[in-house]
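# Examining the three-dimensional arrangement
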Amino acid sequence: MSFVFRRAATLTLLFAAVQSAPSLAADAATAPLPTIAVGDDAPPPLPAPAEGDANEQPITTVIVTGELIDRPAERTTSSVSVHSGDDIERSTVRSVYDVVSETPNASVDDSDYGVGGMTLRGIGSYGASGSGAYAAYSTASAVVYDGIGLPRSALGYADLSAFDLASVEIFRGPQSTSQGRNAMAGAVIINTVVPQIGSGLSPELRGRFSGGNDGNRQYAGAAGATLWPDALAMRVSYDDRADDGDITNTTRGDEDWARQRSRSLRMRANWQPFGSDGAYQALLSYGDLKRFAGSRYVQRDNADARVAVSDAPQYYENHAQLAALDQRLRLGERWRLRAVSAWIRSDTSASFDGDYSADADIDSLTGQLAHAFSQELRFYYTGERLQSTFGAYFYKDRNRYDTRGTIDIASQLGTPGLPLGNIVYASTQPPKVEDMALFGEVDYALTPRFTVTAGLRADREKNSRTMSNDYDGDSVAARLIVAGLMAAGTLPPNGDPVRVSRAFSEVLPKLALRYELFDGWYLGAAYTQGYRPGGDGYNPVSARYFRFDAEQTHNYEISFKGHHAPWHLDAALNLFYTRWDDMQIQLGSGIDNYMGNAGPANIRGGELELRWQPWRALRVIGGFGVSHGRFADDMKPVADGENLAGKRLPQAPPYSAALALEWMPLPGLTIRPDARWTGTTPTVSDNAAGHEIPSYYLLNLALRWRIGHIGLFVTGTNLTDERWLKDANSYSAFAGSVVSLGERRRISGGIEFEF
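First, a word on what this report is: a plain description of the structure on this page. Every chain is numbered independently, its residues counted from 1 as its sequence is written. Selection of residues for local features in this predicted model requires a pLDDT of at least 70, selection of side-chain atom pairs for listing and counting requires 80 or more, and totals for whole chains, interfaces and linings are taken over all residues. Only hydrogens and water are set aside; all other atoms, that is, all heavy atoms of the structure, feed into the side-chain values.

Turning to the overall build of the protein chain, a few remarks are in order. Under the scheme used here, helices are H or I runs from DSSP no shorter than 4 residues and strands are E runs no shorter than 2 residues, and both carry numbers assigned from the N terminus. Of regular secondary structure, the protein chain possesses six helices and 45 strands. Counting over 755 residues, the protein chain shows a buried share of 56%. Residue contacts are counted whenever heavy atoms from the two residues lie within 4.5 Å of one another. Contacts in the protein chain between residues at least 24 apart in sequence constitute 69% of all its contacts with a sequence separation of at least 6. Accessible surface, the protein chain as shown: approximately 30000 Å² in total, 59% of it carbon and sulfur. When accessible area is computed with a 1.4 Å probe and restricted to protein chains, residues below 20% of their type maximum are described as buried, those above 50% as exposed, and intermediate ones as partly exposed. The accessible surface values rely on the Shrake-Rupley method and a 1.4 Å probe; as for residues, cover is taken only from the protein chains in view.

Structure below.
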């Protein structure tokens, strides 16, 4: 792949030399474009053409906001899938997690450990196995919510409502130079709607009410208004969603075992004290997000019956509070200053049944409480041929991380039923993180058609953890056994806390070339690096202390993107090769698992996305992703000497695809069928047959009929009632394989309004 990269760069330079003379697109690099921006600076959408003028639609450009320099989508060499708020509203998705799941080469991971995340291009949020997540100080994928990076304890668990959004940008591939920590695999950028300031009160109101099977229901609304003419506007959004789930627990008599409850309250204020033409703007954002979800895991033998038999509660619950002050100051004709201050509080708890059976063998309760603050300062320069951004970043968090639980001694000894009691354990390992970075990125137009991008980030992170544990028994026999295990060294003695601390530094470069082959079509080539620091950890069940080093990715990429106005066609193709070095992966076995560095992996593939409007009443939106990730031949043995060399990376299907049609046969009526296909993938690095998700497809449909300000809708997901899995694992200590069940058919309907 490096040979292909060099050839692409050489060809690009040759094209630049030949085409350096002015052409029809001579000013393409600097001329202003009509835009439909989807980020914080989004102006109102351009007006739709008059009825019957199907060939006179305005040429529009989507602006990508998730990198250090905002660019039109076709000029972005990174692989980014942009979903506008309007696109999301017309679909069947209800959360940003659904948006990620429907994006090629992107997926949301399920876990009962209380650590969720996503896999982007074969790299999961907690590495190649997800193990040691309790020890990680950061993740491999970032979620940025109105400029606020979600903390590790909220990733995968915070309520990310898809109602009333401006856009969602999903970056596949390293974004460490742009986003810093947590972005080695990629990033998800969520932009909510910015209140529009008017000359009068200008109130807006929209809402949605729906209901369906399995207790599926939603109550959502948004209101916005100008509070101070030409100076201040505010918008408030509220979304309350729930369903009773489709899994029954026969042991506990719980018919709503997999129930979900979500509630999001968002407020945003836009203040421009000197008017819309003034030099200063402040955006104040606040989000109060709550989410509860029951477990979707059952023993594999009970999958067809959709029955769980766990005796202990299994759920996760998160309450996140996010606040940000985004200040922007125009310093002159070419310079701008931006300062983003963010405050975060995230409280997550997870209850876990260690054997998934009706027996009281092993269970635990984990709690994480994160308090974080970040400050970023950016300077922007916009010239005729040069655009640049440079600045500084500071992040600090302090977390509480507690685990407590019980282990049935008789079951551990293989003699269930003996009245030996339980080992009762409790551990605390609160981590602290401080991260500082200097960064910059430059776009320089060598010719009107040829642009070079260079970026650099110098990052230094210091993390620390104080670890303590306490073991006891809940009976005389159990206390004697605990004392014997401590004397034998199997369990560590209860004692003073142990503090560990490490520091990691890295310089992360980025180099990209972009050449306009012909009007509106760009060939790009890029090299980027990803980075995730290491640290220390402790397994409270097996009482093992461990440490692990940083891991890196080296990503080589070729892109071809553009817009063909006569055909109303937008297309984006990205091909990539990624080398993953010093990867953090699971070592040990059973309950004695821990995180370590075991060697490299190689990933290659690509994404193709198309948007085509063949005629006024029909739009076609499609995407296809290919990802082939394998552990390298020089991979070190792991997990009791197991050799992973040549095996597939987990949670990375070889292909994933999505296709949607939007048909408007009558005024106000929209019919939108869509389908997803996903290939077979292992879920664990051992690639065992029992740790595999079979390929599946899902068919969805949304019908919307709007009359004036009122709309009626019916949506259906998984219309064929496909039996599909989200995970297949061996979390269970005693009961063998378990699987996480995908949702069965869901039908809902309701009413929408907008004034």
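Right, let's talk about unusual backbone geometry for a bit. The backbone phi angle of aspartate 146 is positive, close to 50 degrees, even though this residue is not glycine. Take aspartate 146: it is sitting in the loop between strand 8 (141-145) and strand 9 (148-149). Despite not being glycine, asparagine 687 shows a phi value in the positive range, around 60 degrees. Tracing the chain through its elements places asparagine 687 in the loop between strand 39 (681-682) and strand 40 (692-693).

Right, let's get into the side chain of glutamate 441. As for its position among the elements, glutamate 441 is in strand 25 (residues 431-445). Accessibility expressed as a relative area gives 0% for glutamate 441, which makes it buried. Under the rule applied, a polar contact is a pair of N or O atoms within 3.5 Å (in protein, one hydrogen donor and one hydrogen acceptor; residues adjacent in sequence only if both atoms are side-chain atoms). Only 3.4 Å separates the side chain of glutamate 441 from the side chain of lysine 510, close enough to count as a polar contact. Not counting the four nearest positions on each side in its chain, glutamate 441 is found in contact with Leu68, Ile69, Arg71, Ser178, Gln387, Ser388, Thr389, Thr453, Ala454, Gly455 and Lys510.

On to the environment of phenylalanine 171, then. Within the fold, phenylalanine 171 resides in strand 10 (residues 165-172). For the pair formed by phenylalanine 171 and glycine 186, sequence separation is 15 residues and the distance between their alpha carbons is 5.2 Å. Phenylalanine 171 has contacts with Val64, Gly66, Glu67, Ser78, Ser79, Val80, Leu120, Ala185, Gly186, Ala187 and Ile189, leaving out every residue within four places of it along the chain.

Our next topic: the packing of aromatic side chains. To describe a pair of aromatic rings, you give the distance between the ring centres and the angle between the ring planes. The criterion for an aromatic pair is that two Phe, Tyr or Trp rings (for Trp, the six-membered ring) have centres within 6.5 Å, with stacked assigned to planes under 30 degrees apart, edge-to-face to planes over 60 apart and tilted to the rest. As enumerated under the stated definition, the model contains 19 aromatic pairs in all. Charge over a ring is defined by NZ of Lys or CZ of Arg lying within 6 Å of the ring centre and within 35 degrees of the ring normal. It is arginine 336 that lies over the ring of tyrosine 380; its NZ or CZ is 4.5 Å from the centre. Over the aromatic face of tyrosine 137 sits the side chain of arginine 465, whose NZ or CZ is 4.4 Å from the ring centroid.

We define a salt bridge as a side-chain nitrogen of Lys or Arg found within 4 Å of a carboxyl oxygen belonging to Asp or Glu. Within this structure, the stated rule accounts for 50 salt bridges. With a shortest N-O distance of 2.7 Å, arginine 121 and glutamate 557 are connected by a salt bridge. Linking arginine 121 in the loop between strand 6 (117-120) and strand 7 (123-124) with glutamate 557 in strand 31 (residues 551-564), this pair joins segments that are 436 residues apart in sequence. Exposure remark for arginine 121: the relative accessible area of 3% places this residue in the buried category. One salt bridge in this structure joins glutamate 752 and arginine 208, with 2.9 Å as the shortest N-O distance. Here glutamate 752, found in strand 45 (residues 746-754), pairs with arginine 208, found in strand 12 (residues 204-212); they are 544 residues apart in sequence, far enough to count as distant. Here the two residues glutamate 752 and arginine 208 agree in accessibility, since each one is buried. When salt bridges that share partners are traced, they join Glu89, Asp164, Glu204, Arg206, Arg208, Arg235, Arg704 and Glu752 into one network.

This part is about the environment of alanine 689. Its place among the elements puts alanine 689 in the loop between strand 39 and strand 40. Sequence separation between alanine 689 and alanine 728 is 39 residues; the distance between their C-alpha atoms is 9.7 Å.

Below, the discussion takes up a positive patch on the surface. Each patch is built from residues lacking any salt bridge and having more than 30% relative accessible area; the joining distance is 9 Å for like charges and 5 Å for nonpolar side chains (Val, Leu, Ile, Met, Phe, Trp, Tyr). A positive count includes Lys and Arg, and a negative count includes Asp and Glu. His and the chain ends are not counted in either. Just so you know, the charge point we use is NZ for Lys, CZ for Arg, CG for Asp and CD for Glu. A cluster of basic residues, Arg398, Lys432, Arg460, Lys462 and Arg499, forms a positive patch on the protein surface. Tracing the sequence through the fold places arginine 499 in strand 27 (residues 498-518).

Attention now goes to the sheet that holds strand 18 (residues 297-299). Pairing between two strands requires that DSSP report at least two bridges joining them. One open sheet holds the three strands; their spatial order is 18-44-43, and the pairing between them is antiparallel. Whereas interior strands pair on both sides, the edge strands pair on one side only; in this sheet they are strand 18 and strand 43 (725-729). Pairs of neighbouring strands in the sheet enclose a mean axial angle of 25 degrees, with direction left out of account. When strand 43 meets strand 44 (residues 738-741), the two strands line up antiparallel, connected through four bridges. Looking across to strand 44, one finds that leucine 725 is bridged to leucine 741. Only the stretch in contact is used when a helix axis is fitted, and all axes are lines through C-alpha atoms; the angle between N-to-C directions ranges over 0 to 180 degrees.

We now examine a nonpolar patch on the surface. Taken together, Leu573, Leu575, Leu608, Leu610, Phe624, Tyr655, Leu659, Leu661, Trp677, Tyr697 and Leu699 make up a surface patch of nonpolar side chains, about 870 Å² in accessible area. If one sorts the elements of the nonpolar patch by residue count, strand 37 (residues 655-663) sits on top with three residues. In this fold, leucine 610 is placed in strand 35 (residues 601-615).

Attention now goes to the pairing of strand 17 (residues 280-294). The buried count for strand 17 comes to twelve of 15 residues, which makes it a mostly enclosed element. Here twelve bridges tie strand 16 (residues 260-271) to strand 17, and the two strands are oriented antiparallel to one another. Note on strand 17: the bridge partner recorded for arginine 261 is phenylalanine 292. Pairing geometry for strand 17 and strand 20 (residues 315-330), over 15 bridges, is antiparallel. Of the residues in strand 20, the one forming a bridge with alanine 282 is glutamine 327.

Pairing is antiparallel in the open sheet, where three strands are placed in the order 5-6-7. In this open sheet, the two strands that pair with only one neighbour each are strand 5 (106-109) and strand 7. For strand 6 and strand 7, the ladder comprises two bridges, and the chain directions are antiparallel. Following the sheet pairing, leucine 120 is matched in strand 7 by isoleucine 123.

Here eight bridges tie strand 12 to strand 13 (residues 217-228), and the two strands are oriented antiparallel to one another. Paired with glutamate 204 across the bridge in strand 13 is glycine 224. The turn linking strand 12 back onto strand 13 is made up of four residues, and aspartate 214 within it adopts a positive phi angle of 55 degrees. Connecting the antiparallel pair strand 13 and strand 14 (residues 232-243) is a turn made up of three residues, with aspartate 230 showing a positive phi of about 65 degrees.

All right, on to the nonpolar core then. Ranked by internal contacts, the top residues of the largest apolar core, which has 74 residues, are Leu160, Val188, Trp580, Met583, Ile585 and Phe631. With four residues, the single largest contributor to this core is helix 3 (residues 96-101). The residues touching leucine 160, leaving out its near neighbours within four places in the chain, are Ser95, Val96, Tyr97, Val143, Tyr145, Leu150 and Ile190. Here, nonpolar core means buried Ala, Val, Leu, Ile, Met, Phe, Trp, Tyr and Cys residues that are tied together by side-chain atoms lying within 4.5 Å of each other.

What follows is about the environment of arginine 547. Among the secondary structure elements, arginine 547 is positioned in strand 30 (residues 544-548). Distance in space between the C-alpha atoms of arginine 547 and methionine 595 is 7.2 Å, their sequence separation being 48 residues. Setting aside residues up to four positions removed in sequence, arginine 547 forms contacts with Arg502, Gly535, Asp536 and Met595. There is a polar contact of 3.2 Å between the side chain of arginine 547 and the side chain of aspartate 536.

None of the figures reported here should be taken as evidence of function without further support.
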